Amino acid sequence: QVQLVESGGGLVQPGGSLRVSCVASGSFFSIYAMAWYRQAPGKQRELVAAITKSGSTDYADSMKGRFTISRDNAKSTVYLQMNSLKPEDTAVYYCHAVDSLIGEEYWGQGTQVTVSS
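What comes next concerns the included structure. (Residues numbered from 1 in each chain as written. Predicted model: local features only at pLDDT ≥ 70, side-chain atom pairs only at ≥ 80, totals over all residues. Heavy atoms only, no water.)

## Regarding the overall build of the protein
We apply this condition: Under the scheme used here, helices are H or I runs from DSSP no shorter than 4 residues and strands are E runs no shorter than 2 residues, and both carry numbers assigned from the N terminus. Only C-alpha atoms enter the radius of gyration, while the globule expectation follows 2.2 Å times N to the 0.38, with N the number of residues. When a residue's accessible area, from a 1.4 Å probe over protein chains only, is under 20% of the maximum for its type it is buried; when over 50% it is exposed; and in between it is partly exposed. In what follows, residue pairs with any heavy atoms lying within 4.5 Å of each other are defined as contacts. Computed with a 1.4 Å probe, the accessible areas rest on the Shrake-Rupley method; for each residue, only the protein chains presented here act as cover.
Counting its regular elements, the protein contains zero helices and eleven strands. Going residue by residue from the N terminus, the α and β elements of the protein occur as β-β-β-β-β-β-β-β-β-β-β. In summary, the protein has a C-alpha radius of gyration of 14 Å against a globular reference of 13 Å for 117 residues, a match within 12%. Principal-axis analysis of the C-alpha atoms gives the protein an extent of 45 × 25 × 25 Å. Put simply, the protein has 117 residues, and 43% of those count as buried. Restricting to contacts in the protein with at least 6 residues of sequence separation, those with at least 24 account for 53%. Carbon and sulfur atoms provide 48% of the accessible area of the protein, an area that totals close to 6200 Å².

## Description of the state of the cysteines
Let me state the cut-off plainly: In what follows, a disulfide is any cysteine sulfur pair within 2.5 Å.
Tallied over the entire structure, the rule returns one disulfide. Here Cys22 is linked by a disulfide to Cys95, with a sulfur-sulfur distance of 2.1 Å. Note on the Cys22 and Cys95 pair: the S-S dihedral is about -80 degrees, so by sign convention the disulfide is left-handed. Residue Cys22 is located in strand 3 (residues 18–24), and its partner Cys95 is located in strand 9 (residues 91–99); the two are separated by 73 residues in the primary sequence. Exposure class is identical for Cys22 and Cys95. Each is buried.

Given below as structure tokens:
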């Protein structure tokens, strides 16, 4: 069983930056496709950014140019650097992992990001 633990959320002013991290337990992090999702109150969970095991990335249109996803396989960690934050970025941010070899997916518990003055 893989466990994902997010950290780094908090309160930030509009226009500010924040980096959230997700550490995965287990020994096979390098083979997982990783992603960040977010869910705002009253809204559906949506994809923010994804990164394959080889490092290819993809972003939701509203995050392109502002957010950067990266991974450090040696630390079993995936990051989401968020710049130029807006109030509408306020949400709980969730880490997601997919192990395609065994067809399993995993979710973290989420970390709250609040953008407000």
